[in-house]
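Single-letter residue listing:
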Amino acid sequence: MSVRQLMCGTGNIHITTVGEDAQELSRITRDISQLGLEIEDEHLLQHEECRPNHTFGPDGRRGRKSIADFMSLSGGAEVVEVSVTHDAKIEGMTLQEANERSVIAPKVLVVSVERDENIITPRGNTHIRADDLVTLFARGGFPEETIAAFSGDLQ
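Since this is a predicted model, take the numbers as computed values, not measurements. (Residues numbered from 1 in each chain as written. Predicted model: local features only at pLDDT ≥ 70, side-chain atom pairs only at ≥ 80, totals over all residues. Heavy atoms only, no water.)

A. Broad picture of the nonpolar core. By size, the foremost hydrophobic cluster in this structure holds 22 residues, and its most contacted members are I90, I104, V134, L136 and F150. Counting only elements with at least two residues in this core, the list comes to β4 (77–83), α2 (95–100), β5 (108–115), β7 (133–139) and α3 (144–151). (Core = buried A, V, L, I, M, F, W, Y, C linked by side-chain atoms within 4.5 Å. Buried < 20%, exposed > 50% of the residue type's maximum accessible area, 1.4 Å probe, protein only. Helix = DSSP H or I, 4+ residues; strand = E, 2+ residues; numbered from the N terminus.)

The following block contains the structure:
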């Protein structure tokens, strides 16, 4: 169990608990309620993955990692948001060109492209530009080469 007490507001205590099943989580919720705390909001999380953030490299140089978000779904599927860097292999290509040149693995689906506060539904003629935030979907994980094509790593 983890407890955080915030400075103000009605939701000023944040409690994180871990249970093996729904019954155990229900028991924990009842126990917390019996302490006199009012539960305003609760979230049931099935899976969480924590990875180190390598935003800065040695000597304060900015790292080249560009994964903005990652989500693991049931059945081994994953969704990742990746920010396109200026030196990315895919930068300037259309999705059709990227597929023809095997820059994107065949099992990877480009779900959306966010550019300048706009969400673009990707098509074959959609150009990928530096600073785009691209959402990718794949079953069974992402090949490093595909992520590297967006981030400029492993060229």
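There is more to say, and it comes next.
B. Seen up close, the pairing of β5. In the sheet, β5 pairs with β7 via 6 bridges, with the strands oriented antiparallel. Residue pairing for β7: L109 is matched across the bridge by F137. Pairing analysis gives 3 bridges linking β5 to strand β6 (residues 118–120), with the strands arranged antiparallel. Pairing of R115 across the sheet is with N118, part of β6. The antiparallel hairpin formed by β5 and β6 contains 2 residues in its connecting segment, where D116 sits at a positive phi of about 50°. (Pairing = 2+ DSSP bridges.)

C. Seen up close, the environment of I32. Mapped onto the elements, I32 comes out in helix α1 (residues 22–34). The exposure class of I32 is buried, given its relative accessible area of 12%. For the pair I32 and I15, spaced 17 residues apart in sequence, the C-alpha separation works out to 9.3 Å. The residues touching I32, leaving out its near neighbours within four places in the chain, are I15, T17, L37 and I39. (Contact = heavy atoms within 4.5 Å.)

D. Spotlight on the pattern of salt bridges. In total, this model carries 2 salt bridges according to the counting rule given. Residues D31 and R27 are paired through a salt bridge, measuring 2.9 Å at the closest nitrogen-oxygen approach. Highlighted residues: D31 and R27, both in helix α1, separated by 4 residues, approximately one helical turn. Two residues, R115 and D132, come together in a salt bridge whose shortest N-O distance is 2.7 Å. Within this pair, whereas R115 is found in strand β5, its partner D132 is found in the loop between β6 and β7, the two being separated by 17 residues in sequence. As far as the burial class goes, R115 and D132 line up, both buried. (Salt bridge = Lys/Arg side-chain N within 4 Å of Asp/Glu carboxyl O.)

E. Expanded view of a negative patch on the surface. There is a patch of like negative charges on the surface, built from E91, E114, D116, E117 and D131. Structurally, D131 is set in the loop between β6 and β7. The exposure class assigned to D131 is exposed, which follows from its relative accessible area of 55%. (Patch = residues over 30% accessible without salt bridge, like charges linked within 9 Å, V, L, I, M, F, W, Y side chains within 5 Å. Areas by Shrake-Rupley, 256 points an atom, 1.4 Å probe, with all protein chains shown as cover. Lys, Arg positive; Asp, Glu negative; His and termini not counted. Charge placed at Lys NZ, Arg CZ, Asp CG, Glu CD.)

F. How the structure looks around the environment of I28. Along the chain, I28 falls in helix α1. Residues I28 and V18, 10 residues apart in the sequence, show an inter-C-alpha distance of 9.0 Å. When neighbours within four sequence positions are excluded, I28 is seen to be in contact with T17 and V18.

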